[in-house]
Amino acid sequence: LSSSSAASDVYKRQYQRRVRGVNADFTQWHTIGVEWTPGNLVYTLDGNVWSTVQSNGVPSLPMGLGLQTQTGTNCAQNWWNACPDSSTPAQVNMYIDWVAVYSYSP
């Protein structure tokens, strides 16, 4: 089973939204990471970079981390995910073993 994961970063002051997606077998455990430094986001899956964002729109002030899952999507607006059909489950679960947040010091 191959499914996709998407990452987005939204910063309200400038409201710049960027969406990136990666395909993998998410029925298996993975290590997912986001390395956030001023002006730079690096998304990783099992230690491999799958997307980067380099922009002065990436904030350098403290922000929060959100983890979520959903089944189905508005595929007319969300190009990174397939449209729901009869095989789409009514409910999905996300299992998280652990989360670590580290401070940045240049």
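In this report, we go over the structure that sits alongside the text. (Residues numbered from 1 in each chain as written. Predicted model: local features only at pLDDT ≥ 70, side-chain atom pairs only at ≥ 80, totals over all residues. Heavy atoms only, no water.)

## Quick notes on the overall build of the chain
Now for step 1: The helix and strand tally for the chain stands at zero helices and five strands.
Now for step 2: Reading the secondary structure of the chain in the N-to-C direction produces β-β-β-β-β.
Now for step 3: In the chain, which comprises 106 residues, the share counted as buried stands at 21%.
Now for step 4: Of the contacts made within the chain by residues no fewer than 6 positions apart, 36% connect residues no fewer than 24 positions apart.
Now for step 5: Of the roughly 8300 Å² of accessible surface on the chain, 49% is carried by carbon and sulfur atoms. (Helix = DSSP H or I, 4+ residues; strand = E, 2+ residues; numbered from the N terminus. Buried < 20%, exposed > 50% of the residue type's maximum accessible area, 1.4 Å probe, protein only. Contact = heavy atoms within 4.5 Å. Areas by Shrake-Rupley, 256 points an atom, 1.4 Å probe, with all protein chains shown as cover.)

## Regarding the sheet that holds strand S4 (residues 40-45)
The strands making up a sheet associate through hydrogen bonds between their backbones, and the pairing can be parallel or antiparallel.
Now for step 1: If you trace the three strands from one edge of the open sheet to the other, you get S3-S4-S5, paired in antiparallel fashion. Among the strands making up the open sheet, the edge pair consists of strand S3 (32-37) and strand S5 (48-54). Within the sheet, the average angular offset between the axes of one strand and its neighbour, ignoring direction, is 15°.
Now for step 2: Note: S4 against S5, six bridges, orientation antiparallel. Each residue of the ladder has a partner; that of Thr44, found in S5, is Val49. (Pairing = 2+ DSSP bridges. Axes fitted to C-alpha atoms, helices over the stretch in contact; angles between N-to-C directions.)

## As for the packing of aromatic side chains
Now for step 1: The tally for this structure, following the rule as stated, stands at one aromatic pair.
Now for step 2: Where Tyr43 meets Trp50, the ring centres are 5.5 Å apart and the plane angle is 35°; that geometry is what we call tilted.
Now for step 3: What makes Tyr43 buried here is its relative accessible area of 4%. (Phe/Tyr/Trp six-rings, centres within 6.5 Å; stacked < 30°, edge-to-face > 60°.)

## Quick notes on the environment of Tyr104
Now for step 1: By the element assignment, Tyr104 lies in the segment after S5.
Now for step 2: The class of Tyr104 is partly exposed, set by a relative accessible area of 46%.
Now for step 3: Remark: the alpha-carbon pair of Tyr104 and Pro38, spanning 66 residues in sequence, is separated by 9.3 Å.

## So, unusual backbone geometry
Now for step 1: Non-glycine residue Asp46 carries a positive phi angle of around 55°.
Now for step 2: By secondary structure assignment, the location of Asp46 is in the loop between S4 and S5.

## What to know about a nonpolar patch on the surface
Now for step 1: A cluster of nonpolar side chains, Leu65, Leu67, Met94, Ile96, Val99 and Val101, forms an exposed patch at the surface whose accessible area comes to about 590 Å².
Now for step 2: Tracing the backbone through its elements, the reader meets Leu67 in the segment after S5. (Patch = residues over 30% accessible without salt bridge, like charges linked within 9 Å, V, L, I, M, F, W, Y side chains within 5 Å. Salt bridge = Lys/Arg side-chain N within 4 Å of Asp/Glu carboxyl O.)

## A few points about the side chain of Thr44
Now for step 1: Turning to its location among the elements, Thr44 is positioned in strand S4.
Now for step 2: Thr44 has contacts with Thr31, Ile32, Gly33, Glu35, Val49 and Trp50, leaving out every residue within four places of it along the chain.

## Topic: the pairing of S3
Now for step 1: In the sheet, S3 pairs with S4 via six bridges, with the strands oriented antiparallel. Within S4, the residue paired with Gly33 across the bridge is Thr44.

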